[in-house]
Amino acid sequence: MANLDELREKISSVRDAIQKESANLTDSRMVYEARKSYLDKSGRIGQLMKYMKDVEPAQKAEFGKNVNELKTWAMEYFGSLDEKMRTRELLARYDMEKIDITMPALRRPVGNLHPVTQVRNELIDVFSGMGFDIYEGSEVENDYYNFTALNTPKDHPARDMQDTFYLSPEFVLRTQTSSAQIHVMENQEPPIKILSPGKVFRSDDDATHSPMFTQMEGLVVDKGITLGDLQGMLDVFVKRVFGEETHTRLRPSFFPFTEPSVEVDVSCFECGGAGCSFCKHTGWIEVLGAGIVNRKVLENCGIDPDVYSGLAFGIGIERVAMLKYGINNIKQLFESDLRVLNQINDN
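The rules behind the values
- Residues numbered from 1 in each chain as written.
- Predicted model: local features only at pLDDT ≥ 70, side-chain atom pairs only at ≥ 80, totals over all residues.
- Heavy atoms only, no water.
- Helix = DSSP H or I, 4+ residues; strand = E, 2+ residues; numbered from the N terminus.
- Buried < 20%, exposed > 50% of the residue type's maximum accessible area, 1.4 Å probe, protein only.
- Contact = heavy atoms within 4.5 Å.
- Areas by Shrake-Rupley, 256 points an atom, 1.4 Å probe, with all protein chains shown as cover.
- Lys, Arg positive; Asp, Glu negative; His and termini not counted.
- Charge placed at Lys NZ, Arg CZ, Asp CG, Glu CD.
- Phe/Tyr/Trp six-rings, centres within 6.5 Å; stacked < 30°, edge-to-face > 60°.
- Lys NZ or Arg CZ within 6 Å of the ring centre and 35° of its normal.
- Core = buried A, V, L, I, M, F, W, Y, C linked by side-chain atoms within 4.5 Å.
- Expected span 1.5 Å × (residues − 1).
- Arc of directions from axis to C-beta.
- Pairing = 2+ DSSP bridges.
- Axes fitted to C-alpha atoms, helices over the stretch in contact; angles between N-to-C directions.

Colleague: I'm lost on the overall build of the chain in this one. Help?
Modeller: In terms of regular secondary structure, the chain is built from 11 helices and 9 strands. C-alpha extents for the chain along the principal axes are approximately 125 × 50 × 35 Å. Per-residue burial for the chain yields a buried fraction of 41% across its 347 residues. At a minimum sequence separation of 6, the contacts of the chain that also span at least 24 residues come to 66%. As displayed, the chain offers around 19,700 Å² of accessible surface, 51% of which is attributable to carbon and sulfur atoms. Once the 40 positive and 53 negative side-chain charges of the chain are each reduced to a mean point, those two points are 11 Å apart.

Colleague: What exactly am I supposed to notice about the packing of aromatic side chains here?
Modeller: Geometrically, a pair of aromatic rings is defined through the distance of the ring centres and the angle of the planes. The tally for this structure, following the rule as stated, stands at 11 aromatic pairs. Taking the centre distance of 4.9 Å and the plane angle of 25° together, the rings of tryptophan 73 and tyrosine 77 count as stacked. Residue tryptophan 73 and its partner tyrosine 77 are located together in helix H4 (residues 60-96), separated by 4 residues, close to a single helical turn. A connected cluster of aromatic rings, assembled from ring pairs, spans Tyr38, Trp73, Tyr77 and Phe78. One residue, arginine 15, lies across the ring of tryptophan 73, its end atom 4.5 Å from the ring centre.

Colleague: Mind showing me how you'd approach the nonpolar core here?
Modeller: Note on soluble globular proteins: their nonpolar side chains tend to be buried together. Residues Phe127, Met233, Phe237, Leu288 and Phe313 are the most contacted members of the largest nonpolar core, which totals 42 residues. Only helix H5 (115-128), strand E5 (212-222), helix H8 (227-242), strand E7 (258-267), strand E8 (284-293), strand E9 (309-316) and helix H10 (317-325) provide two or more residues apiece to this core. A per-element tally of this core places H8 first, with 7 residues. In contact with methionine 233, other than residues within four places in its own chain, are Phe127, Met130, Phe132, Leu311 and Phe313. Formed by 22 residues, the second largest nonpolar core is a distinct cluster that contains Ile11, Ile18, Leu70 and Ala74.

Colleague: Would you take a moment to explain the environment of methionine 216 for this structure?
Modeller: Examined against the element boundaries, methionine 216 turns out to sit in strand E5. Look at methionine 216 and you get buried, because its relative accessible area is 0%. Once the C-alpha coordinates of methionine 216 and phenylalanine 147 are considered, the two residues, 69 residues apart in sequence, prove to be 17 Å apart. In this view, methionine 216 contacts Arg120, Leu123, Ile124, Thr177, Leu195, Ser196, Pro197, Phe313, Gly314, Ile315 and Ile317; residues no more than four positions away in its chain are not counted.

Colleague: Sorry, what's going on with H8 here?
Modeller: Residues that lie three or four places apart on an α-helix share one face, since the helix turns once every 3.6 residues. With 16 residues, H8 ought to run about 22 Å at 1.5 Å a step, and its terminal C-alpha atoms sit 22 Å apart, in line with that. Leu230, Met233, Leu234, Phe237, Val238, Val241 and Phe242 are the residues of H8 that are buried. Considered in projection along H8, the buried side chains sweep an arc of 140° and stay on one side of the axis. As for H8, its buried residues are in contact with H5, strand E6 (248-255), E7, E8, E9 and H10.

Colleague: Whenever I open this one, H10 confuses me. Can you help?
Modeller: The buried fraction of H10 amounts to 7 of the 9 residues, a majority that puts the element mostly inside the structure. Considered for burial, the residues of H10 that qualify are Ile317, Glu318, Val320, Ala321, Met322, Leu323 and Tyr325. Elements that come into contact with the buried residues of H10 comprise H5, strand E4 (192-201), E5, H8, E8 and E9. Glycine 326 sits one or two positions beyond H10 and adopts a positive phi of about 70°.

Colleague: Got a minute to help me understand the sheet that holds strand E1 (residues 133-134) in this structure?
Modeller: Strand pairing in a sheet is mediated by backbone hydrogen bonds. Such pairs are either parallel or antiparallel. A sheet is described by the order of its strands in space; here 7 strands give the open sequence E1-E4-E5-E9-E8-E7-E6, paired in mixed fashion. The sheet is open, and its two edges are formed by E1 and E6, each paired on a single side. Of the pairings in the sheet, the one linking E5 to E9 comprises 8 bridges and is antiparallel in character. What sits directly across from methionine 216, in E9, is isoleucine 315. The strands touched by H5 are E1, E4, E5 and E9; relative to E4, the strand with the most contacts, the crossing angle is about 165°.

Listed below in structure tokens is the structure:
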């Protein structure tokens, strides 16, 4: 049989151990672990009950009472210690998160629109001011709207697999926003004055070309439309975008959907037309293609070419952005390099 006094010494030693170990506890997590080591079923206080079998029957109640008193004390002791630790941790957190409201606010850089978006918005503003409506077509077109209705022959190189992204024999990723003008002319009677901005796709990739880029197609259909109307309108466009001193010239070209067709140059806005490295010493910079809408295109859309005529032009927005902001590689517009983009902000 175990001596009750010896067992009381064991109980007292456990109390002393708790008080001694508590001096090394520095946070609520350590208090939790210590509490568990003493008060769990397999903890040191719980282990004292294994001596119950060795206690004389008359002393079992006294021993059990002593163990329960230790357990009650330990629960209160660890509870009080945990509360102190949590209060200390909360004060430390408050101190760490303290804000000095007298300090100046942190300045954060202000973002700006991508240069392509800036140019797109600027061009829409220019042409909207001339009375153009905006029409955005689908980026997926069938062969008819992308080629056939625009008077592009079946054997034209633009239809080749190496130039066009085919989704199926019938459907393509549009190669030009010109397809939008067919949709409009089929569903709207003249007069027509629309601007169609959007993404287009061509199998082309070098310093000045990208497989995906942004184009803006313009179309005017009415009675008596001439090349003079086209040049007058484009003169307004280049003055607004490149400066009041700039002007345009038209050079003969060929596009299946316009006749006559022209390439449109703008006088160099760097040297004023005198000739410099920017314009390759010619005094002129090519900016877009345009022309008078081909009679066959009007007929394909049910418009009488003997009554109405039209003008059309296509502007590469990345092309304008590169010229305007002095960018020599189109990939800089797609890499999202903030060192480049932060230098360009007309807002």
